[in-house]
Amino acid sequence: MTSRPYVVPFRELGRQDIRSVGGEDASLGELTARLSAAGVRVPPGFATTARAYEELLAAHGLRASIEDQIARLRDGAPLEGVGRAIRALVLREPLPTLLPGEIVTAYEDLARGTGGEEPSVAVRSSATAEDLPGASFAGQLDTYLNVRGPEQLLAACHRCFASLFTDRAIDYRERMGFGHLSVALSVGVQVMVRADLAGAGVIFTLDPETGFPDVIVVSAAWGPGETVVSGQVDPDEYSVFKPGLENSSLNPLIDVQVGAKRRKAVYADSGLTRIVDTTPAERVRRVLGDDDIRTLAGRLVAEAHEAGRTVGLCGQRPSDDPAFTEFLVRSGIDSISVAPDSFARVKEHVARAENPRRSGDVHDGAGE
């Protein structure tokens, strides 16, 4: 796959490309380069550029129409009606002339590379202001899993563009003072692994409940990880003692909590996903074995050290707890996962805790 005016493969992207493809897609590019070099098989993918989104807005007066709707909001019109109207405007506007062809060609390249005619892909939104100080769009934009075929792919990409104007995203930008048309959107498309036949989850680089830095916490459930990230299930939780990873004769796994895992996402026959109940056997069985956990944790630590990168905290704990924030700052944490509604409060807590010490910024941490 080669770069085109509107599409860039992940392998050519890095964190320096945030303004072109957003924080999430830039991080996927960084991940692809580093892990592939380490011998880890990373599913390939590509990202549309901010240029594609900007040309969408420039066509047929769409930008002016959006500005008119925002003016209605500031004049007292209901947020729900304004958001619905803007999303409809974006979806009615055809994609830029060359963009569908480039997306489909890149998708066909993925098919050739994976040996399948219509590979299943994840389609994710990546805002160009993501992962920059003062911006946190976590959970506001659309993601679609198990997207198959050119028609379904183009529709998912179009809906991702429109999701920059979800009610929550509009409200957040209004409260934070961000210009609605100063943020662009990139769409990331990545081949999926069959997590619906196994499990997926999230790794935290320190304990998300206490902030203890010498522990890695792995959360996992059956099926794609969307149920874990969205909090729809009670996942398994495995705690790993980092120093124990340095001695192969030791078992670094210090705690195992088997979650209820009552539901899971599965592939729908027509594409996308649906939620089903798990079986009684799945609810009591561990998703990951000891060797799996040690491998995951070991790679995480090794890659962080190899890249010379510090780590951040991403979790479900309320991040506007002043005492917890102070603890994280004292521990030398570099980034804290912040819910959009809590950003202003957390920024104040960090500034207070860092005085007189200054040690980094608060941001959404999605790319750490």
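Quick look at the nonpolar core
- By size, the foremost hydrophobic cluster in this structure holds 47 residues, and its most contacted members are Ile 66, Val 121, Val 123, Leu 153, Phe 161 and Val 189.
- In terms of residue count, the dominant contributor to this core is helix H6 (residues 150-162) (six residues).
- Leaving out residues up to four positions away in the same chain, Val 123 has contacts with Asp 142, Thr 143, Tyr 144, Val 147, Leu 153, Ala 156, Cys 157, Cys 160, Val 187, Gly 188 and Val 189.

Quick word on the packing of helix H4 (residues 79-92) against H6
- Their axes nearest at 9 Å, the elements H4 and H6 cross at an angle of 145°. H4 and H6 meet at a crossing whose hand is right-handed. Here H4 contributes Arg 87, Val 90 and Leu 91 to the contact with H6, which in turn contributes His 158, Arg 159, Phe 161 and Ala 162.
- When grouped by side-chain class, the residues that make up the contact of H4 with H6 number four nonpolar, one polar and two charged.

Some thoughts on helix H3 (residues 62-74)
- For H3, spanning 13 residues, the distance from its first C-alpha to its last is 19 Å, which sits close to the expected 18 Å at 1.5 Å a residue.
- Residues of H3 that are buried include every one of Leu 62, Ile 66, Gln 69, Ile 70 and Leu 73, and no others. Burial along H3 is one-sided: seen end-on, the buried residues are contained in an arc of 100°. For H3, the exposed residues set more than 90 degrees away from the buried face come down to Asp 68 and Arg 74.
- Following H3 by one or two positions, Gly 76 adopts a phi angle in the positive range, close to 110°.

What counts, and at which threshold
Residues numbered from 1 in each chain as written. Predicted model: local features only at pLDDT ≥ 70, side-chain atom pairs only at ≥ 80, totals over all residues. Heavy atoms only, no water. Core = buried A, V, L, I, M, F, W, Y, C linked by side-chain atoms within 4.5 Å. Buried < 20%, exposed > 50% of the residue type's maximum accessible area, 1.4 Å probe, protein only. Helix = DSSP H or I, 4+ residues; strand = E, 2+ residues; numbered from the N terminus. Contact = heavy atoms within 4.5 Å. Axes fitted to C-alpha atoms, helices over the stretch in contact; angles between N-to-C directions. Left-handed = near helix turned anticlockwise from the far one by under 90°. Nonpolar A, V, L, I, M, F, W, Y, C, P; charged D, E, K, R; others polar. Expected span 1.5 Å × (residues − 1). Arc of directions from axis to C-beta.

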